[in-house]
Amino acid sequence: MALDVAALSSCTKCRLSQSRTRVVIGTGPSDAALLLVGEAPGRHEDEGGAPFIGRSGQLLFALIEEVVGLKRDQCYVTNTVKCRPPGNRVPARDELDACRPWLTEQLADLAPRVTLAVGLTAAREVLGATLSMSAVHGRARHLAEHTGIATYHPAAALRDPALVAVMREDLAVVRAFLEAP
Ligand code: URA
(Lines give C-alpha, C1' and ligand atoms only; values in the text may rest on other atoms or scores of the structure.)
Protein backbone atom coordinates (compact mmCIF):
# COMPACT_ATOMS: atom_id res chain seq x y z
CA MET A 1 0.00 0.00 0.00
CA ALA A 2 1.40 3.42 -0.89
CA LEU A 3 2.18 5.84 1.90
CA ASP A 4 -0.75 8.23 2.46
CA VAL A 5 1.24 11.47 2.47
CA ALA A 6 -1.81 13.65 3.16
CA ALA A 7 -2.75 11.56 6.19
CA LEU A 8 0.80 11.57 7.49
CA SER A 9 1.08 15.34 7.00
CA SER A 10 -1.88 15.88 9.31
CA CYS A 11 -1.19 12.99 11.72
CA THR A 12 -2.22 13.50 15.35
CA LYS A 13 -1.57 9.96 16.61
CA CYS A 14 0.79 11.12 19.35
CA ARG A 15 1.63 14.14 21.49
CA LEU A 16 4.51 15.20 19.23
CA SER A 17 1.90 16.54 16.81
CA GLN A 18 1.05 19.27 19.33
CA SER A 19 4.51 20.82 19.39
CA ARG A 20 5.79 20.19 15.87
CA THR A 21 6.10 22.86 13.20
CA ARG A 22 6.15 20.41 10.28
CA VAL A 23 5.86 16.67 9.79
CA VAL A 24 9.19 15.49 8.37
CA ILE A 25 8.15 12.64 6.11
CA GLY A 26 11.34 11.88 4.21
CA THR A 27 13.20 12.86 1.07
CA GLY A 28 14.70 10.99 -1.85
CA PRO A 29 13.86 8.89 -4.87
CA SER A 30 11.29 6.10 -4.49
CA ASP A 31 13.71 3.66 -6.16
CA ALA A 32 16.68 4.45 -3.88
CA ALA A 33 18.86 1.43 -3.17
CA LEU A 34 19.89 2.91 0.19
CA LEU A 35 17.42 3.93 2.88
CA LEU A 36 18.69 5.94 5.86
CA VAL A 37 16.64 5.97 9.04
CA GLY A 38 17.64 8.45 11.75
CA GLU A 39 16.08 9.06 15.14
CA ALA A 40 13.84 12.11 14.90
CA PRO A 41 13.74 15.57 13.36
CA GLY A 42 15.69 18.25 15.21
CA ARG A 43 15.09 21.99 15.19
CA HIS A 44 16.34 22.59 11.64
CA GLU A 45 14.36 19.66 10.30
CA ASP A 46 11.19 20.72 12.15
CA GLU A 47 11.45 24.13 10.53
CA GLY A 48 12.68 23.00 7.11
CA GLY A 49 10.49 19.91 6.70
CA ALA A 50 13.33 17.62 5.54
CA PRO A 51 15.48 15.14 7.50
CA PHE A 52 19.15 15.64 8.39
CA ILE A 53 19.53 19.19 7.09
CA GLY A 54 21.55 20.46 10.08
CA ARG A 55 25.19 19.88 11.09
CA SER A 56 24.69 16.16 11.70
CA GLY A 57 23.35 15.75 8.21
CA GLN A 58 26.30 17.60 6.69
CA LEU A 59 28.71 15.17 8.31
CA LEU A 60 26.58 12.12 7.50
CA PHE A 61 26.24 12.93 3.81
CA ALA A 62 29.88 13.96 3.44
CA LEU A 63 30.86 10.50 4.74
CA ILE A 64 28.28 8.69 2.60
CA GLU A 65 29.47 10.48 -0.51
CA GLU A 66 33.12 9.78 0.32
CA VAL A 67 32.76 6.11 1.24
CA VAL A 68 29.59 4.86 -0.48
CA GLY A 69 29.77 7.14 -3.50
CA LEU A 70 26.15 8.27 -3.25
CA LYS A 71 24.92 11.83 -2.95
CA ARG A 72 22.12 12.83 -0.58
CA ASP A 73 19.59 13.02 -3.41
CA GLN A 74 20.35 9.42 -4.39
CA CYS A 75 19.33 8.10 -0.95
CA TYR A 76 15.91 7.99 0.69
CA VAL A 77 16.16 9.59 4.13
CA THR A 78 13.68 9.44 6.99
CA ASN A 79 13.43 8.98 10.78
CA THR A 80 11.85 6.61 13.28
CA VAL A 81 9.42 9.39 14.26
CA LYS A 82 8.32 12.08 11.85
CA CYS A 83 7.81 14.92 14.35
CA ARG A 84 10.38 16.65 16.55
CA PRO A 85 10.44 15.64 20.21
CA PRO A 86 10.58 18.81 22.35
CA GLY A 87 14.16 19.72 23.23
CA ASN A 88 15.40 16.89 20.98
CA ARG A 89 14.75 14.27 23.64
CA VAL A 90 14.76 10.61 22.62
CA PRO A 91 11.30 9.61 21.32
CA ALA A 92 9.19 7.83 23.95
CA ARG A 93 8.03 4.24 23.46
CA ASP A 94 4.43 5.21 22.75
CA GLU A 95 5.56 7.84 20.23
CA LEU A 96 7.73 5.29 18.41
CA ASP A 97 4.84 2.82 18.38
CA ALA A 98 2.36 5.42 17.12
CA CYS A 99 4.71 6.38 14.27
CA ARG A 100 5.82 2.85 13.37
CA PRO A 101 3.08 2.15 10.77
CA TRP A 102 4.32 5.08 8.67
CA LEU A 103 7.86 3.70 8.65
CA THR A 104 6.57 0.21 7.88
CA GLU A 105 4.75 1.60 4.84
CA GLN A 106 7.83 3.51 3.72
CA LEU A 107 9.90 0.32 3.96
CA ALA A 108 7.33 -1.63 1.96
CA ASP A 109 7.01 1.06 -0.71
CA LEU A 110 10.73 1.65 -1.09
CA ALA A 111 11.96 -1.94 -0.82
CA PRO A 112 15.55 -0.68 -0.45
CA ARG A 113 18.51 -2.93 -1.01
CA VAL A 114 20.18 -1.74 2.19
CA THR A 115 18.78 0.13 5.19
CA LEU A 116 21.25 2.09 7.29
CA ALA A 117 20.02 2.69 10.83
CA VAL A 118 21.67 5.91 12.00
CA GLY A 119 22.02 5.87 15.79
CA LEU A 120 20.78 3.52 18.49
CA THR A 121 17.10 4.46 18.38
CA ALA A 122 16.92 3.55 14.69
CA ALA A 123 19.01 0.42 15.22
CA ARG A 124 16.50 -0.74 17.82
CA GLU A 125 13.43 0.14 15.79
CA VAL A 126 14.56 -0.98 12.34
CA LEU A 127 16.98 -3.79 13.09
CA GLY A 128 15.58 -5.03 16.38
CA ALA A 129 18.95 -4.39 18.02
CA THR A 130 18.95 -4.92 21.76
CA LEU A 131 22.59 -4.20 22.57
CA SER A 132 24.68 -1.03 22.61
CA MET A 133 25.85 0.67 19.41
CA SER A 134 29.41 -0.46 20.10
CA ALA A 135 28.14 -4.06 19.83
CA VAL A 136 25.87 -3.74 16.80
CA HIS A 137 27.42 -1.19 14.43
CA GLY A 138 28.79 -2.33 11.07
CA ARG A 139 27.27 -5.82 11.21
CA ALA A 140 24.86 -6.74 8.46
CA ARG A 141 21.48 -8.15 9.48
CA HIS A 142 19.54 -9.90 6.78
CA LEU A 143 15.95 -8.89 7.35
CA ALA A 144 12.85 -9.98 5.43
CA GLU A 145 13.59 -8.18 2.18
CA HIS A 146 16.63 -6.07 2.80
CA THR A 147 19.95 -5.90 4.55
CA GLY A 148 20.13 -3.71 7.65
CA ILE A 149 23.31 -2.14 8.99
CA ALA A 150 23.68 0.28 11.91
CA THR A 151 26.16 3.05 12.48
CA TYR A 152 26.71 5.76 15.06
CA HIS A 153 24.63 8.90 14.92
CA PRO A 154 26.65 11.74 13.39
CA ALA A 155 25.74 13.91 16.40
CA ALA A 156 27.80 11.47 18.49
CA ALA A 157 30.67 11.78 16.00
CA LEU A 158 30.50 15.57 16.21
CA ARG A 159 31.03 15.22 19.97
CA ASP A 160 33.65 12.46 19.65
CA PRO A 161 35.55 12.76 16.35
CA ALA A 162 37.15 9.32 16.87
CA LEU A 163 33.79 7.88 15.82
CA VAL A 164 34.17 9.28 12.30
CA ALA A 165 36.67 6.52 11.49
CA VAL A 166 34.23 3.93 12.83
CA MET A 167 31.44 5.38 10.69
CA ARG A 168 33.72 5.14 7.64
CA GLU A 169 34.23 1.44 8.34
CA ASP A 170 30.48 0.87 8.77
CA LEU A 171 29.78 2.71 5.53
CA ALA A 172 32.32 0.52 3.73
CA VAL A 173 30.10 -2.43 4.73
CA VAL A 174 27.10 -0.60 3.27
CA ARG A 175 29.02 -0.05 0.05
CA ALA A 176 29.99 -3.72 -0.17
CA PHE A 177 26.35 -4.83 0.14
CA LEU A 178 25.18 -2.27 -2.40
CA GLU A 179 27.81 -3.47 -4.86
CA ALA A 180 27.29 -7.19 -4.30
CA PRO A 181 25.77 -8.91 -7.33
N1 URA B 1 18.96 13.70 13.77
C2 URA B 1 18.19 12.69 13.32
O3 URA B 1 18.24 11.58 13.84
N4 URA B 1 17.39 12.93 12.29
C5 URA B 1 17.32 14.09 11.67
O6 URA B 1 16.55 14.21 10.72
C7 URA B 1 18.13 15.13 12.16
C8 URA B 1 18.93 14.92 13.19
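Refer to the structure presented above.
What counts, and where the lines are drawn
- Residues numbered from 1 in each chain as written.
- Predicted model: local features only at pLDDT ≥ 70, side-chain atom pairs only at ≥ 80, totals over all residues.
- Heavy atoms only, no water.
- Near = heavy atom within 4 Å.
- Polar contact = N/O pair within 3.5 Å; in protein donor to acceptor, adjacent residues only side chain to side chain.
- Areas by Shrake-Rupley, 256 points an atom, 1.4 Å probe, with all protein chains shown as cover.
- 1 Å grid on protein atoms, 1.4 Å probe; cavity = no way out; pocket = protein on both sides within 12 Å on 5 of 7 lines; lining within 4 Å.
- Sits in = over half its atoms within 2 Å of the grid points.
- Points joined across faces, edges and corners; volume = space filled by probe spheres on them.
- Nonpolar A, V, L, I, M, F, W, Y, C, P; charged D, E, K, R; others polar.
- Helix = DSSP H or I, 4+ residues; strand = E, 2+ residues; numbered from the N terminus.
- Salt bridge = Lys/Arg side-chain N within 4 Å of Asp/Glu carboxyl O.
- Buried < 20%, exposed > 50% of the residue type's maximum accessible area, 1.4 Å probe, protein only.
- Pairing = 2+ DSSP bridges.
- Contact = heavy atoms within 4.5 Å.
- Axes fitted to C-alpha atoms, helices over the stretch in contact; angles between N-to-C directions.

## Description of the site of the ligand
As a structural note, the neighbourhood of the ligand is formed by Gly38, Glu39, Ala40, Glu45, Pro51, Phe52, Asn79 and His153. Take Glu39: an N or O atom from its main chain is 2.8 Å from an oxygen atom of the ligand. Residue His153 places a side-chain N or O atom 2.8 Å away from an oxygen atom belonging to the ligand. Coverage of the ligand by the protein chains reaches 92% of its 230 Å² of free accessible surface. With respect to the pocket detection grid, the ligand is positioned in the largest pocket.

## Let's talk about the layout of surface pockets
It is the rolling of a water-molecule-sized probe over the atoms that shows where space remains empty. Each pocket or cavity is described by its volume, and for the largest pocket that value is around 620 Å³. Taken together, 28 residues line the largest pocket, and the ones lying closest to its centre are Gly42, Ser56, Asn88, His153 and Ala155. When its residues are assigned to classes, the lining of the largest pocket shows 12 nonpolar, 10 polar and 6 charged.

## Quick notes on empty space enclosed by the protein
Per the stated rule, a full pass over the model turns up 1 cavity of 30 Å³ or more. Approximately 120 Å³ is the volume attributed to the largest cavity. Listed by contribution, the elements that provide at least two residues to the lining of the largest cavity are helix 2 (16-19) and helix 5 (93-110). No other element matches helix 5, which puts 4 residues into the lining of the largest cavity. Residue classes in the lining of the largest cavity are distributed as 10 nonpolar, 1 polar and 4 charged.

## Observations regarding the pattern of salt bridges
Counted by the stated rule, this structure contains 8 salt bridges. Note that Arg168 is salt-bridged to Glu66, the shortest N-O span being 2.6 Å. Of this pair, Arg168 sits in helix 9 (residues 162-179) while Glu66 sits in helix 4 (residues 55-67); the two residues are 102 residues apart in sequence, bridging distant segments of the chain. When its relative accessible area of 34% is taken as the criterion, Arg168 is described as partly exposed. Assessed through its relative accessible area of 49%, Glu66 is described here as partly exposed. For Arg175, the salt bridge goes to Glu179, with nearest N and O atoms at 2.6 Å. Of the two residues, Arg175 and Glu179 are both situated in helix 9; the distance of 4 residues between them amounts to about one turn of the helix. Overlapping salt bridges, with partners in common, bring together Arg15, Arg89, Asp94 and Glu95 in one network.

## Regarding the sheet that holds strand 2 (residues 76-79)
Spatially, 2-1-3-5-4 is the arrangement adopted by the 5 strands of the open sheet, whose pairing is mixed. With partners counted over all chains shown, the strands left at the sheet margins are strand 2 and strand 4 (141-142), one partner each. Here strand 4 runs beside strand 5 (residues 147-151); their pairing, made up of 2 bridges, is antiparallel. Each bridged residue has a counterpart across the sheet, and for His142 the counterpart in strand 5 is Thr147. The strands touched by helix 5 within the sheet are strand 1 (34-38), strand 2 and strand 3 (114-118), with strand 2 carrying the most contacts at an inclination of about 165°. The sheet strands contacting helix 9 are strand 1, strand 3, strand 4 and strand 5, and the helix crosses strand 5 at an angle near 165°.

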